[in-house]
Amino acid sequence: MLEEFLEHPFFLNRHRQSPLLKEREAFLSHLQQQGTSPKALRNLSGELLPVMRLLKLTELRDVSLEEIQRAALCWAREQHTNPKAQSYGNSASFFVYAAKKWLRFHGRLKRPSAPPMRFADELGDFARYMTEEQGLSPQSVRSHCWKTSKFLDWCGERHRSLVRVSAEDVDDFLAMKGATGWNRKSVSVAAQALRAFFRYAETRGWCAAGFAKGIQAPRIYQYENLPEGPTEKEVRQLLRSAKGSSQAALRTLAILMLFAVYGLRSGEVSRLLLSDFDWRQEVFVVNHSKKGGSQRYPLQREVGDAILHYLREARPRCACRHLFITLHPPYRPVGTSALWWVTSSRIKAAGLRFRHTGPHSLRHACATRLLQEGASFKEIGDVLGHRGLESVGIYAKVDLNALRLVANLNLGGLL
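The shown structure was predicted, so the numbers you read here are calculated from the model rather than taken from an experiment.

Asker: How would you summarise the overall build of the chain if you had to cite specific residues and measurements?
Answerer: For the chain, the helix and strand inventory stands at 18 helices and five strands. When the 415 residues of the chain are sorted by exposure, 43% land in the buried category. Excluding contacts between residues fewer than 6 apart, the proportion of contacts in the chain whose partners are at least 24 apart in sequence is 59%. On the chain, roughly 23200 Å² of surface is accessible, and the fraction owed to carbon and sulfur atoms is 50%.

Asker: Explain helix H8 (residues 167–179) to me, using residue names and the numbers behind them.
Answerer: Here H8 is 13 residues long and its end C-alpha atoms lie 18 Å apart, about the 18 Å a rise of 1.5 Å per residue gives. For H8, the set of buried residues is Asp169, Val170, Phe173, Leu174 and Lys177. The buried residues of H8 occupy an angular sector of 130° when the element is viewed end-on, so they sit on one face. The exposed set on the far side of H8, more than 90 degrees from its buried face, consists of Glu168 and Ala179. Of the surrounding elements, those touching the buried residues of H8 are helix H7 (138–156) and helix H9 (184–204). Taken from the residues just after H8, Gly181 is the one with a positive phi, measuring 130°.

Asker: Account for the pattern of salt bridges, with residues named and values stated.
Answerer: Pairs can form between side chains of opposite charge once their charged atoms are near each other. Under the definition given, this model contains ten salt bridges. Asp62 is paired through a salt bridge with Arg108; the nearest N and O atoms lie 3.3 Å apart. Here Asp62, found in the loop between helix H3 (38–54) and strand E1 (63–64), pairs with Arg108, found in the loop between helix H5 (91–105) and strand E2 (109–110); they are 46 residues apart in sequence, far enough to count as distant. Asp62 gets classed as partly exposed once you look at its relative accessible area, which sits at 40%. Judged by relative accessible area, which is 30%, Arg108 ranks as partly exposed. Its salt-bridge partner being Asp125, residue Arg128 comes within 2.1 Å of it at the nearest N-O pair. Of the two residues, Arg128 and Asp125 both sit in helix H6 (residues 120–133), three residues apart, roughly one turn of that helix.

Asker: Lay out the packing of aromatic side chains with the relevant residues and their values.
Answerer: A complete count under the given rule lists 21 aromatic pairs for this structure. With a centroid separation of 5.6 Å and an interplanar angle of 85°, the aromatic rings of Tyr200 and Trp206 are classed as edge-to-face. This pair shows no difference in class: Tyr200 is buried, exactly as Trp206 is. In this structure an aromatic cluster arises from ring pairing among Phe126, Tyr129, Trp146, Phe151, Trp154, Phe173, Trp182, Phe197, Phe198, Tyr200, Trp206 and Phe211.

Asker: An account of unusual backbone geometry is needed here, citing residue identities and associated values.
Answerer: The phi torsion at Lys56 lies on the positive side, around 55°, for a residue other than glycine. One can find Lys56 in the loop between H3 and E1. The exposure class assigned to Lys56 is exposed, which follows from its relative accessible area of 69%. Phi at Glu282 takes a positive value of approximately 60°, unusual for a residue other than glycine. Looking at where Glu282 falls in the secondary structure, it is placed in the loop between strand E3 (277–278) and strand E4 (283–287).

Asker: Report on H6, specifying residues and quantitative values.
Answerer: In this model H6 runs 19 Å from its N-terminal to its C-terminal C-alpha over 14 residues, within 8% of the 20 Å that 1.5 Å per residue would give. Buried residues in H6 make contact with H7 and H9. Phi turns positive one or two residues past the end of H6, at Gly135, with a value near 70°.

Asker: So what about the sheet that holds E3? Which residues, and what values?
Answerer: An order of E3-E4-E5 is seen for the three strands of this open sheet, with the pairing classed as antiparallel. Two strands bound the open sheet, and with one partner strand each, they are E3 and strand E5 (294–298). Two strands pair when backbone bridges link them, and E4 and E5 are joined in this way by five bridges, in the antiparallel orientation. When the sheet's bridge partners are listed, Val286 is paired in E5 with Gln295.

Asker: Now, about the environment of Leu44: what can you tell me, with residues and values included?
Answerer: For Leu44, the location among the structural elements is in helix H3. The exposure class of Leu44 is buried, given its relative accessible area of 6%. The sequence separation of Leu44 and Ala98 amounts to 54 residues, and the corresponding C-alpha distance is 6.4 Å. Excluding its chain neighbours within four sequence positions, the residues that come into contact with Leu44 are Phe27, Leu31, Phe94, Tyr97, Ala98 and Lys101.

Asker: Hey, could you go over the environment of Met52 for me, with residue numbers and the actual values?
Answerer: Assignment of secondary structure puts Met52 in helix H3. You can call Met52 buried: its relative accessible area is 3%. Separated by 33 residues in the primary sequence, Met52 and Pro19 have C-alpha atoms spaced 7.1 Å apart. Contact partners of Met52, with chain neighbours within four places excluded, come to Pro19, Leu20, Arg24, Leu57 and Trp102.

Asker: Account for the packing of H7 against H9, with residues named and values stated.
Answerer: At a minimum axis separation of 9 Å, H7 and H9 run at an interaxial angle of 85°. The angle between H7 and H9 places the two elements in the roughly perpendicular class. Every residue of H9 that contacts H7 at His144, Lys147, Thr148, Phe151 and Leu152 is listed here: Val189, Ala190, Ala193, Leu194, Ala196, Phe197 and Phe198.

Asker: Describe the pairing of E4, with residues and values.
Answerer: Two elements, E3 and E4, share two bridges in a ladder whose sense is antiparallel. Counted as the bridge partner of Asp278 is Val283 from E4.

What counts as what
Residues numbered from 1 in each chain as written. Predicted model: local features only at pLDDT ≥ 70, side-chain atom pairs only at ≥ 80, totals over all residues. Heavy atoms only, no water. Helix = DSSP H or I, 4+ residues; strand = E, 2+ residues; numbered from the N terminus. Buried < 20%, exposed > 50% of the residue type's maximum accessible area, 1.4 Å probe, protein only. Contact = heavy atoms within 4.5 Å. Areas by Shrake-Rupley, 256 points an atom, 1.4 Å probe, with all protein chains shown as cover. Expected span 1.5 Å × (residues − 1). Arc of directions from axis to C-beta. Salt bridge = Lys/Arg side-chain N within 4 Å of Asp/Glu carboxyl O. Phe/Tyr/Trp six-rings, centres within 6.5 Å; stacked < 30°, edge-to-face > 60°. Pairing = 2+ DSSP bridges. Axes fitted to C-alpha atoms, helices over the stretch in contact; angles between N-to-C directions. Parallel < 35°, antiparallel > 145°, perpendicular 65-115°, else oblique.

Written out as structure tokens, the structure reads:
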């Protein structure tokens, strides 16, 4: 496949006479299928030749990052003394980039081993318990493990055993995090994660019974800082501002439509596949992050038009089957972090000012809009993919107990 972007016989012979030809061709073919341009393939293939030579690769083997960096410095010195080299300022960095990319493709990039974390086995058991026995979503498991690991890292410097950990240690940790940047909500969520961990630790005999009950968190009013999301007028303003003919604008509008109209989570939008859309039946399938399982949604016309416009005019043609992919090669699914950035940057560009600017703010706005249109909490919960009504009340920013009282008095009839 080298003939597709290398025309001169001299360069073709150089590549064919260098070691690991089949392995290099497999790597370049993979990049080509992802949409990498011929110019980029030509530059990368040329850089792989000094990579083979300076790393002394005659067969595939594990290579450490330190070895790559040493070879990159040698290559930079060679380029600096080469009168034919037009530019050598980025020689070392491009060498490292090409070597890492090629070795990672073949699974031969040896990463530095992280120092073992104290209580790593206990944290792993806790993660398996949440996944296999509690059935929590991967996002919830990852969140609880991250917060718990921060405490265990900090606590490992004080104690060699969980039996020696005290409630005062937890209080000191939460106070320290609150004083060094975490807000009250972050501290409260961390306290919830630690309570869950130590409840499990009690069942395993890692700590004293009743330890989890002693973990205190800052008191947070359930609906403080109202409202959380934009108003319906602000959502309309946001969608109008996102209209445009560029690839990025067409993709952004389709993404914002799914967030605003259906209140989907970032992970749910990121996982959408082309095959999830049935254009004849005008429905699409969402695999829920927390509720689990899949759910069919009717495809509203304006949302369908925005997605079709993106598919026809903006989405690059490639082998990736996810709906939203990067606009430049190598093409890959758009992750949750990128979706947050797309939403937040568009909200700020529209001149809108509210505290939360990520996709979740549009989820709150969707719940509030449905409530104002007269939907019941059960119907809103079905749309948002929630198991219980209490969560719906949080998203809609309505006191559920108050609504029940109103319903009992026949004044609202919302429930």
